[in-house]
Structures are given as C-alpha cells and as structure tokens.
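Listed here are the chains, written in short residue letters.
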Amino acid sequence: GPEAVNRDAVYAESYNEMRRYRDYEFTSSTWFTAILLAILGFVVATRFGDTARSFADLLDTQWCLKVTVTVIAALVAGASSYLIWYSHRRYSHLREWVTDNNLEPDWKMKSFKEDKIALTPRHIYYLTQWLLVVLIAVFLVVPVSRPALQGPSVSGTASGGSNTQ
C-alpha cells in the first residue's frame, strides 16, 4: 500500500510552493514596473526632449493619443496588480492549509512571531505601479513650450540693412 508521507516533507514541499508564489509576486511587479518606467521615459523624452519631434507634435495635438498611452499604462498596471493579488491569494490559501493541517515545524510554532503590519511589500508594489500611471498621465497633459523649428540662419544681414559702404 501507499506509504505515509513524513510531515516535514509535506511542509518542505508546501514551503517551496509558498516561496514560489512570493517570488512570483516580486518578479512580476519588477517586470511590470520596468515596462511602466520605459513608457514614462518615452513620454518624458518625447514631450520634453528634442527626440521624435513628429511624435511629440502628435502628442501635443491629439488628445486621443494621450488617452491611448494612459490607457495602455493603466492596463499594464492593472495586469500587474491582478498578478500580485492572485499570487498573494494563492500564497495565503496555502499558508492557511499548512496552518490548518498542523504542518508547521515545532521550532517555528514556538519561536516565530507573525508580523501584523498593515503595509506589506505588495501594497508598495501596488502603490508604485499606480503612481507611475499617474506620472505618465501628468507628463502627457503638462503643457510644453518648444521653440519653433527655424530654417538655416543667414549671416551678415541680421539687422535687415545693407552691407554696402
């Protein structure tokens, strides 16, 4: 018949699975933050720099393009928030199962005090994602004054007068 599985082995496997969920929370938030930072960098470079002048002009004149960029950033942050929430929910379910089935090692039950803080790393992940979306939206609507493009300058007649003596 099937052999009984050692309690420590079940805890070790459960712990590895919980660690995987926690790592996924961090990894996914890191990647989505990088994507949002790239969008923010593109918006700032385009709106306030001298690169991609034609796209900068489009961003200045087309409100639907501003809305589209903001919606894309919000979708990225929404996907990130969902993945963080989902990973944390799976972690919490597994943590409850381990506790309910009395699988915690004896040393941990005696010496480990659970921290009951309201602000956890996942809340910082959420805050970071949505703050970047707000910054993207703000940089899209901040008015930018650019000097008009000028043709090549002609030297010698800057005062409009004649150079003859």
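Provided above is the structure to which this section pertains.
The structure contained in this document is the topic of the report that follows. (Residues numbered from 1 in each chain as written. Predicted model: local features only at pLDDT ≥ 70, side-chain atom pairs only at ≥ 80, totals over all residues. Heavy atoms only, no water.)

**A closer look at the side chain of Glu25**
Quick note on the threshold: Under the scheme used here, helices are H or I runs from DSSP no shorter than 4 residues and strands are E runs no shorter than 2 residues, and both carry numbers assigned from the N terminus. Throughout this description, buried means an accessible area under 20% of the type-specific maximum (1.4 Å probe, protein chains only), exposed means over 50%, and partly exposed covers the range between. Contacts were defined at the residue level, with two residues in contact if any of their heavy atoms lie within 4.5 Å.
With respect to the helices and strands, Glu25 occurs in helix α1 (residues 7-48). Note on Glu25: relative accessible area 3%, which makes it buried. Those residues in contact with Glu25 that sit more than four places away from it in its chain are Ile84, Ser87, His88, Arg122 and Tyr125.

**Some thoughts on the pattern of salt bridges**
Which entries qualify depends on this criterion: What makes a salt bridge here is a side-chain nitrogen of Lys or Arg within 4 Å of a carboxyl oxygen of Asp or Glu, nothing more.
Under the defined criterion, the tally for this structure stands at three salt bridges. A salt bridge links Arg47 to Asp60; the shortest N-O distance between them is 3.1 Å. Separated by 13 residues along the polypeptide, Arg47 in helix α1 and Asp60 in helix α2 (residues 53-61) bring together distant segments of the chain. Owing to a relative accessible area of 2%, Arg47 belongs among the buried residues under this scheme. Judged by its relative accessible area of 29%, Asp60 is partly exposed.

**Brief notes about the packing of α1 against α2**
How two helices sit against one another is set out by the angle between their axes and by the gap between those axes. Just so we agree on the cut-off: Fitted lines through C-alpha atoms give the axes, limited to the stretch in contact for helices. The angle between two N-to-C directions lies from 0 to 180 degrees. In these notes the angle categories are as follows: under 35 degrees is roughly parallel, over 145 is roughly antiparallel, 65 to 115 is roughly perpendicular, and the rest is oblique. For this classification, Asp, Glu, Lys and Arg are treated as charged, while Ala, Val, Leu, Ile, Met, Phe, Trp, Tyr, Cys and Pro are nonpolar and the rest, including Gly, are polar.
Here α1 crosses α2 at 95°, and the two axes come no closer than 8 Å. With respect to α2, the axis of α1 lies roughly perpendicular. Of the residues in α2, those in contact with Phe42, Thr46 and Arg47 of α1 are Phe55, Ala56, Leu59 and Asp60. Tallied by class, residues from the contact of α1 with α2 come to four nonpolar, one polar and two charged.

**A word on the nonpolar core**
Most often, soluble globular proteins have nonpolar side chains that are buried together. Heads up, the condition is: Among the buried residues, those of types Ala, Val, Leu, Ile, Met, Phe, Trp, Tyr and Cys that are joined through side-chain atoms within 4.5 Å form a nonpolar core.
Ranked by internal contacts, the top residues of the largest apolar core, which has 14 residues, are Leu36, Ile39, Val43, Val69, Ile136 and Leu140. For this core, the leading source of residues is α1, giving five residues. With sequence-adjacent residues up to four places away left out, Ile136 is seen in contact with Leu36, Ile39, Leu40, Val43, Val69 and Ala73. The next biggest cluster of nonpolar side chains, apart from the first, holds seven residues, and it includes Tyr11, Tyr21, Tyr91 and Val98.

**Focus: the packing of α2 against helix α3 (residues 63-100)**
Two elements in contact, α2 and α3, have axes separated by 5 Å at closest approach and are oriented at 100°. The orientation of α2 with respect to α3, classified from their angle, is roughly perpendicular. Contacts between α2 and α3 involve Phe55, Leu58, Leu59, Asp60 and Thr61 on the former and, on the latter, Trp63, Leu65 and Lys66. For the contact of α2 with α3, the per-class residue count stands at five nonpolar, one polar and two charged.

**Some remarks on the environment of Trp63**
Looking at the secondary structure, you find Trp63 in helix α3. A sequence separation of 78 residues divides Trp63 from Val141, and the C-alpha atoms of the two residues are 9.0 Å apart.

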